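Each chain, written out:
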Amino acid sequence: MDPNLRREILLDHYQHPVGHGLKDEKGYIKINTNNESCIDNLDIMYKIKDGIIEDICFDGEACAISTSATSIMIQSLIGKNKEEAKKILDNYEAMLDERPFDQELLGELNVYDEIYKQPNRKKCALLPFESLRKIIDQL
Amino acid sequence: MNREDFEILNQEEKLIYFDNSATTLKPKQVVDSVVDYYTKYTANAHRGDYDNSLKVDMEYEGVRDKVQKLLHNRSRKEIVFTSGATASLNMIVFGFMKYQLKEGDEVLLTKAEHASNILPWVTLAKEIGIIIRYIPLENHLVTVENVEKMITPNTKVISIAHVTNVLGDERPITEIGELCSKNEIYFVVDGSQSVPHMTVDVEKQNIDFLAFSAHKMLGPTGVGVLYGKEELLERLEPTSLGGGMNASFDSEGEIEYKALPSRLEAGTPNIAGVIGLGSAIDYLLSIGFDRIHDHELELKKYAVEALEKIPNIILYNKELENGMIAFNIDGVFSQDTAVYLNHYHICVRAGNHCAKILKEDLQVKNTCRISFYLYNTKEEIDELIRVLKNSEDIFKVVL
Ligand SMILES: Cc1ncc(COP(=O)(O)O)c(C=O)c1O
């Protein structure tokens, strides 16, 4: 991916994240996700209905990579069922681990395709997806 | 000062190391003393009758005298080598307090303590029902008045850092020590951030227990000190049992412990580490803490003056007299700032500095922390300022 385009997408999601702000409504499952650097701290809320991710929102303090990854994850997951969400998760992890993955399936998440070069930031990119792993069996 | 002794600072790729509260760089003298032990006279301590073993004994035990000189305490028996400040604090809590305290006794801490001075207490509270109370902070600082107000007839322990690792504020240790001795309160001091930078006098300051790590004072990792007044250490139950600490035992389960300090040093100790600590102490004392402290203050003053002129820099502790600066770039998450600075080989720490509950008091949760030591220079600060002034392209660098 062109580095300028990548940066533009990342910055846009960081500064105007999708799903920003927690909702004070019933039917959401809230997950707090703290990464091992003991610094990023996000609350992510999932609304699940009939096996479909109907909505996701989040709030908290986190770096540009974690925040943008949360935003793009939300954008990618809304409307997906368990199988689809699982596929995205598996392929995303494969990408971060430099294993073969389905580029088309990941859409904008491809902006993290070179994050493996910065091992200390890989954790940041994975952070929101840890919450997905925790709820995926409830789908 | 003394930069020529630090090989890491003299590499082709220049390194600006501003994370001295986390750990410090090591001078050649310290590294050499460790290497000498491993290459010239390796042997176990307290065991053999051959030359090298005796030499190890002399070197190892000699470091106890050096620590005693550093802390101004009464007896070398009061110096116990541990794996670090964390281990020392755990020994105090689970080897001493666990047996001396009872349900309802109160322990005073602050929310600005390091996890190593909170989690053992919280766990002991669950075990035996002691009560933890937090001394309210005045503008993030501990005042003698607030300590005094918190003392009740049930207060049995005050356990605080001499200098915190978050803002680097120095607590009025001497006055609090007086309050403790007047009220028969055990005074536990976490010296991790003070012993490396200033003169500590455990007698004058009425300190009952002191914990610190070698690696924050030019020494090796994995070694530290537990100081305790002799009559208290006598009552500290070993939390680790094994070789080197028993005088005798039989199959009936009768164990007789050795005298202090061996009783509290089970197993083969970190001999190389202790020897390295010894040369770190020699090194620091030969420069003198007054000079080190003055140097740090001068660097901070110089840096703050320049940082204040950069409009989007927020400073959190500029008025404190120490060698630490907590800051953020307005609107930028601290970790992104640290990654940005790393791009220019400037090492700072981002985060909440293991003082997780402080954020309940401090409005900001995360900051970047710069902490100076003797080898830092004004030229390094100039480079930091140059990079921070150009931070409008920060996301070009970090993304
Ligand atoms: C104030 C304070 N206490 C305790 C510790 C723990 O030291 P160590 O990790 O060496 O045991 C630190 C180190 O970060 C500290 O800054």
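In the block above lies the structure referred to throughout.
Quick caveat, the model's predicted, so the values are computed rather than measured. One numbering rule holds for all chains: residues counted from 1, following each sequence as written. Here chains are named by letter from A upward and ligands by number from 1 upward, in the order in which they appear as written. Per-residue local features of the predicted model are confined to residues with pLDDT of at least 70, and side-chain atom pairs are confined, for both listing and counting, to 80 or more; whole-chain, interface and lining totals are unaffected and use all residues. For the side-chain quantities, the full set of heavy atoms in the structure was used; hydrogens and water were omitted.

## Examining the overall build of chain A
Thinking step 1. The helix count covers DSSP runs of H or I at least four residues long, the strand count covers runs of E at least two residues long, and both are numbered beginning at the N terminus. Within chain A one finds five helices and three strands.
Thinking step 2. In sequence order, the secondary structure elements of chain A are arranged as α-β-β-β-α-α-α-α.
Thinking step 3. In this setup the radius of gyration rests on C-alpha atoms only. A globule is expected at 2.2 Å times the number of residues raised to 0.38. Against the globule reference of 14 Å for 139 residues, chain A gives a C-alpha radius of gyration of 14 Å, in line with a compact fold.
Thinking step 4. Reported as C-alpha extents along the three principal axes, the dimensions of chain A are approximately 40 × 30 × 25 Å.
Thinking step 5. Note on classification: 1.4 Å probe, protein chains only; a residue is buried when its accessible area is under 20% of the maximum for its type, exposed when over 50%, partly exposed between these limits. Within chain A, buried positions represent 47% of all 139 residues.
Thinking step 6. Whether two residues are in contact is decided by their heavy atoms: any pair within 4.5 Å suffices. The long-range fraction of contacts in chain A, counting pairs at least 24 apart against all pairs at least 6 apart in sequence, stands at 57%.
Thinking step 7. Reported accessibility uses the Shrake-Rupley method at a 1.4 Å probe radius. Residues are deemed covered only where the shown protein chains occlude them. For chain A, the accessible surface area stands at approximately 6,900 Å², while carbon and sulfur atoms represent 45% of it.

## Some details on the sheet that holds strand β2 (residues 41–49) of chain A
Residue and element names in this part refer to chain A.
Thinking step 1. The pairing criterion for strands is at least two bridges between them, as found by DSSP. Strand order in this open sheet of three strands is β1-β2-β3, and the pairing throughout is antiparallel. This sheet does not close on itself; its edge strands, each paired only once, are β1 (28–34) and β3 (52–61). This sheet shows a mean twist of 20° between the axes of neighbouring strands, independent of strand direction.
Thinking step 2. Relative to β3, β2 runs antiparallel, the two sharing nine bridges. Bridging from a neighbouring strand, Tyr 46 pairs with Ile 56 of β3.
Thinking step 3. Axes here refer to lines fitted to C-alpha atoms; in helices the fit is confined to the stretch in contact. Angles between the N-to-C directions go from 0 to 180 degrees. Sitting on the sheet, helix α2 (residues 64–77) touches β2 and β3, and the angle it makes with β3 is about 170°.

## Quick word on the site of the ligand
Residue and element names in this part refer to chain B.
Thinking step 1. Nearness of a residue to a molecule or strand requires only that one of the residue's heavy atoms be within 4 Å of it. Neighbouring the ligand are the residues Ala 85, Thr 86, His 114, Ser 116, Asn 165, Asp 190, Ser 192, Gln 193, Ser 213, His 215 and Lys 216.
Thinking step 2. Here a polar contact means two N or O atoms within 3.5 Å. Within protein one must be a hydrogen donor candidate and the other an acceptor candidate, and residues neighboring in sequence count only if both atoms are side-chain atoms. In this structure, Thr 86 approaches the ligand through a side-chain N or O atom, which is 2.5 Å from an oxygen atom.
Thinking step 3. Within the side chain of His 114, a nitrogen or oxygen atom sits 3.2 Å from an oxygen atom of the ligand.
Thinking step 4. Expressed as a share of its isolated accessible area of 400 Å², the protein-covered part of the ligand is 84%.

## Concerning the nonpolar core
All names here are of chain A.
Thinking step 1. In this structure, Tyr 92, Tyr 112 and Leu 132 are the most contacted members of the largest nonpolar core, which totals 72 residues.
Thinking step 2. The biggest single contributor to this core is α2, with seven residues.
Thinking step 3. Setting aside anything within four residues of it in sequence, one finds Tyr 112 in contact with Leu 10, Ile 65, Ser 68, Ala 69, Ile 72, Tyr 92, Met 95, Leu 96 and Ala 125. As used here, the term nonpolar core means buried Ala, Val, Leu, Ile, Met, Phe, Trp, Tyr and Cys residues forming a set that is joined through side-chain atoms within 4.5 Å.

## Examining the interface of chain B and chain A
Thinking step 1. At the junction of the two partners, chain B supplies 16 residues and chain A supplies 15 residues.
Thinking step 2. In total, about 1,500 Å² of surface goes out of reach between chain B and chain A, with carbon and sulfur atoms giving 57% of it.
Thinking step 3. Here the buried area means the combined drop in accessible surface, using a 1.4 Å probe, for two parts upon being joined, counting both sides. Three residues stand out in chain B for area buried against chain A, namely Phe333(B), Gln335(B) and Leu399(B), and they jointly supply 41% of the buried area on that side.
Thinking step 4. Any carboxyl oxygen of Asp or Glu that lies within 4 Å of a side-chain nitrogen of Lys or Arg is treated as forming a salt bridge with it. Scanning the region where chain B abuts chain A turns up one salt bridge.
Thinking step 5. The interface formed by chain B and chain A includes four residue pairs in polar contact (both at pLDDT 80 or more).
Thinking step 6. Looking at the side of chain B that touches chain A, the elements with two or more residues in it are α10 (334–343), β14 (349–351) and α12 (394–398) of chain B.
Thinking step 7. Looking at the side of chain B that touches chain A element by element, the count peaks at four residues for α10(B).
Thinking step 8. For the side of chain B that touches chain A, the residue count by class is six nonpolar, six polar and four charged. Polarity classes work like this: nonpolar for Ala, Val, Leu, Ile, Met, Phe, Trp, Tyr, Cys and Pro, charged for Asp, Glu, Lys and Arg, and polar for all others, with Gly in that last group.

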